[in-house]
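A look at the structure
So you can see what is in the structure, the chains are spelled out below.
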Amino acid sequence: MEFNSHTDRVVRIAVELVNLLTAGHARGRAYEAPAGDARTAAVSDLLASGGGRQPASWEEAASFCFVAAELREVFEAVSAGSIDPAANLVNAMLVRTGAQPALERHDGEPWHLHFHAADNSLVNGWAAGCATGLAVVLGGELYDRLGVCTAPRCDRVYVDTSRNGTRRYCSTSCQNRVKTAAFRARISLCGLYRFAGHTRSWG
């Protein structure tokens, strides 16, 4: 399942900004967001992976932390079934960034809608783009494809691109952790039943 190439790209960047720059838990472990030069390098690499041609400065990378926090609120609202608040959060981002629509065609792609920030700065430009991508998702039939991982000790976000829309985890790692825990629980329960039956047979 895909939206369109531009929307897919900016929604992926939104997911990765949240997962990179917001502290919490990831795949069963406490997660601390990078800081200082490590954060600057990580943000620059992430933007480059989305087609960005300008690396982030130390100050810009720090400002992306606020964008990531805004985006996380959207994912958490959708995950909780609160679509109206999620839409209001996205609208607020579009207003704050001064997002301006424009049809563009580049890299051999057909015409598609871009939203640029009014001041054309690096941070606002990406914030406007990410907000637009989420607006496209929330404004369509697949509005519930944004989620927060349901595995224990993980709060990383994701966008569900599966055909049946049943994804619940941020990664196969978390999915496997949950399956392994469930398997061990069944084995343990089976052992208790056997022990209880053996005890009764000697009573």
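For the structure itself, consult the block above.
The paragraphs below set out a description of the structure included in this document. (Residues numbered from 1 in each chain as written. Predicted model: local features only at pLDDT ≥ 70, side-chain atom pairs only at ≥ 80, totals over all residues. Heavy atoms only, no water.)

**A closer look at the overall build of the protein chain**
Definition in use: Each helix is a run of H or I in the DSSP string that is no shorter than four residues. Each strand is a run of E no shorter than two, and both are numbered from the N terminus. Three exposure classes are used, based on accessible area relative to the maximum for each residue type with a 1.4 Å probe and protein chains only: buried under 20%, partly exposed in between, and exposed over 50%. Contacts between residues were defined by any pair of non-hydrogen atoms, one from each residue, lying within 4.5 Å. The accessible surface values rely on the Shrake-Rupley method and a 1.4 Å probe; as for residues, cover is taken only from the protein chains in view.
Within the protein chain, the regular secondary structure consists of 6 helices and 6 strands. Reading the protein chain from its N terminus to its C terminus gives the helix and strand order α-β-β-α-α-α-β-β-α-β-β-α. Put simply, the protein chain has 203 residues, and 37% of those count as buried. Considering only intrachain contacts with a sequence separation of at least 6, the fraction spanning at least 24 residues in the protein chain is 54%. Put simply, the protein chain shows about 11,500 Å² of open surface, and 55% of that area lies on carbon and sulfur atoms.

**Here's the deal with the nonpolar core**
The nonpolar side chains of soluble globular proteins are, as a tendency, buried together. So the rule is basically this: As used in this record, nonpolar core signifies buried Ala, Val, Leu, Ile, Met, Phe, Trp, Tyr and Cys residues forming a set joined through side-chain atoms within 4.5 Å.
Grouped together as the largest cluster of nonpolar side chains are 43 residues, with contacts concentrated most on Leu-17, Val-43, Phe-64, Leu-71, Phe-75, Leu-134 and Leu-146. Counting residues per element, the ones that place at least two in this core are α1 (5–21), α2 (36–49), α3 (58–79), α4 (83–97), α5 (122–138), β5 (146–148) and β6 (157–159). Among the elements that make up this core, the one with the highest residue count is α5 (10 residues). In this structure, Ala-151, Tyr-158, Tyr-169 and Cys-174 belong to the second largest nonpolar core, which totals 7 residues.

**Some words on α3**
Which entries qualify depends on this criterion: Expected helix span is computed as 1.5 Å times (number of residues minus one).
With 22 residues, α3 extends 32 Å from end C-alpha to end C-alpha; this agrees with the ideal 32 Å at 1.5 Å per step. Restricting attention to buried positions, one finds in α3 the residues Ala-61, Ala-62, Phe-64, Val-67, Ala-68, Leu-71, Arg-72, Val-74, Phe-75, Ala-77 and Val-78.

**Regarding a nonpolar patch on the surface**
Note the threshold: Each patch is assembled from residues with relative accessible area greater than 30% and no salt bridge, linking like charges that lie within 9 Å and nonpolar side chains (Val, Leu, Ile, Met, Phe, Trp, Tyr) that lie within 5 Å. We count a salt bridge whenever a side-chain nitrogen from Lys or Arg sits within 4 Å of a carboxyl oxygen from Asp or Glu.
Together, Leu-103, Trp-111 and Leu-113 make up a nonpolar patch on the protein surface, roughly 350 Å² of accessible area in all. Taking the relative accessible area as the measure of exposure, Leu-103 reaches 59% and is therefore exposed.

**Description of unusual backbone geometry**
In this model, Arg-27 sits at a positive phi of 55 degrees, which is unusual for a non-glycine residue. Mapping Arg-27 onto the fold places it in the loop between β1 (24–26) and β2 (29–31). Despite not being glycine, Arg-153 has its phi angle at roughly 55 degrees, a positive value. Mapped onto the elements, Arg-153 comes out in the loop between β5 and β6. Arg-153 gets classed as partly exposed once you look at its relative accessible area, which sits at 47%.

**Here we look at the packing of aromatic side chains**
Formally: When two rings of Phe, Tyr or Trp (its six-membered ring) have centres within 6.5 Å they constitute a pair, described as stacked for plane angles under 30 degrees, edge-to-face for angles over 60, and tilted for the intermediate range. To sit over a ring, a charge needs its Lys NZ or Arg CZ within 6 Å of the ring centre and within 35 degrees of the ring normal.
If you walk through the whole model with that rule in mind, you get 0 aromatic pairs. Against the face of Trp-58 rests Arg-39, its NZ or CZ located 5.3 Å from the ring centre.

**A look at the pattern of salt bridges**
Inspection of the entire model under this criterion finds 5 salt bridges. Arg-96 serves as the salt-bridge partner of Glu-70, at 2.6 Å between the closest nitrogen and oxygen. In this pair, Glu-70 sits in helix α3 while Arg-96 sits in helix α4, placing the two residues 26 residues apart along the sequence. For Arg-96, a relative accessible area of 41% translates into the label partly exposed. Here the salt bridges share partners, and the residues they tie into one network are Arg-72, Glu-76, Asp-155 and Arg-156.

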